[in-house]
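# Residue-level structure breakdown
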Amino acid sequence: MTGNGTGDTEALREEIRRTRVELGETMELLAAKADVKARLKDSADQAKARMREQAAQTMARMRGQAADRAGVVRGQAAEKARVARAQAYEKGAVVRRSPVPWAAVAAGAVATVVVLLIVRGRRR
């Protein structure tokens, strides 16, 4: 401190300035707490953000499950198609080895032609 009191005056001025700054900050905090509309808007914005995040996570989980299920279904379909091809090949081999079914088909075709010729001849 100096003998003429200027040091005390400067210190007091600095303390007053700090107090004003602190008081201004406190007033801003109180005003923010008193602004119910703004607080509700902030709360609603936060809730919307949480809901969007939850929806995005749910969609990602559902897409993953759908992809997994599609893979399983594709695998099952491929297996069934393989079995059907094998069975068709076996049936084809049986038909190729046994000419009886082809003879029956040919006999049926001949009988159909004969019947058609008879019916056609009667119309004239």
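Residues numbered from 1 in each chain as written. Predicted model: local features only at pLDDT ≥ 70, side-chain atom pairs only at ≥ 80, totals over all residues. Heavy atoms only, no water.

## Re the overall build of the chain
Along the backbone of the chain there are 3 helices and 0 strands. The order of helices and strands in the chain, counted from the N terminus, is α-α-α. The C-alpha radius of gyration of the chain comes to 47 Å, more than 25% above the 14 Å expected for a compact globule of 124 residues. Expressed as lengths along the three principal axes of its C-alpha atoms, the size of the chain is roughly 145 × 40 × 15 Å. (Helix = DSSP H or I, 4+ residues; strand = E, 2+ residues; numbered from the N terminus. Rg over C-alpha atoms; globule rule 2.2 N^0.38 Å.)

## Quick look at a nonpolar patch on the surface
A contiguous nonpolar patch, built from Leu-23, Met-27 and Leu-30 and spanning about 310 Å² of accessible area, is present on the exposed surface. Within the element layout of this structure, Met-27 appears in helix H1 (residues 6-34). The class for Met-27 is partly exposed, based on a relative accessible area of 49%. (Patch = residues over 30% accessible without salt bridge, like charges linked within 9 Å, V, L, I, M, F, W, Y side chains within 5 Å. Areas by Shrake-Rupley, 256 points an atom, 1.4 Å probe, with all protein chains shown as cover. Salt bridge = Lys/Arg side-chain N within 4 Å of Asp/Glu carboxyl O. Buried < 20%, exposed > 50% of the residue type's maximum accessible area, 1.4 Å probe, protein only.)

## A closer look at the environment of Gln-76
By secondary structure assignment, the location of Gln-76 is in helix H2 (residues 36-97). Accessibility expressed as a relative area gives 44% for Gln-76, which makes it partly exposed.

## Looking at the pattern of salt bridges
Under the criterion given, the structure shown has 5 salt bridges. Glu-10 is the salt-bridge partner of Arg-13, the closest N and O atoms lying 3.5 Å from each other. On the criterion of helical spacing, the pair formed by Arg-13 and Glu-10 is a turn pair, its members being 3 residues apart in helix H1. The partner of Lys-48 in a salt bridge is Asp-45, and the shortest N-O contact between them spans 3.9 Å. Of this pair, Lys-48 and Asp-45 both sit in helix H2, 3 residues apart, which is roughly one turn of that helix. Note on Lys-48: relative accessible area 44%, which makes it partly exposed. Overall, the relative accessible area of 32% leaves Asp-45 in the partly exposed class. The network of salt bridges with common partners includes Lys-41, Asp-45 and Lys-48.

## Some words on the confidence of the model for the chain
With 94% of its residues at a pLDDT of at least 70, the chain reaches an overall mean of 86. Ranking the elements of the chain by mean pLDDT puts helix H3 (residues 100-123) last, at 85, and H2 first, at 90. (pLDDT = per-residue confidence, 0-100.)

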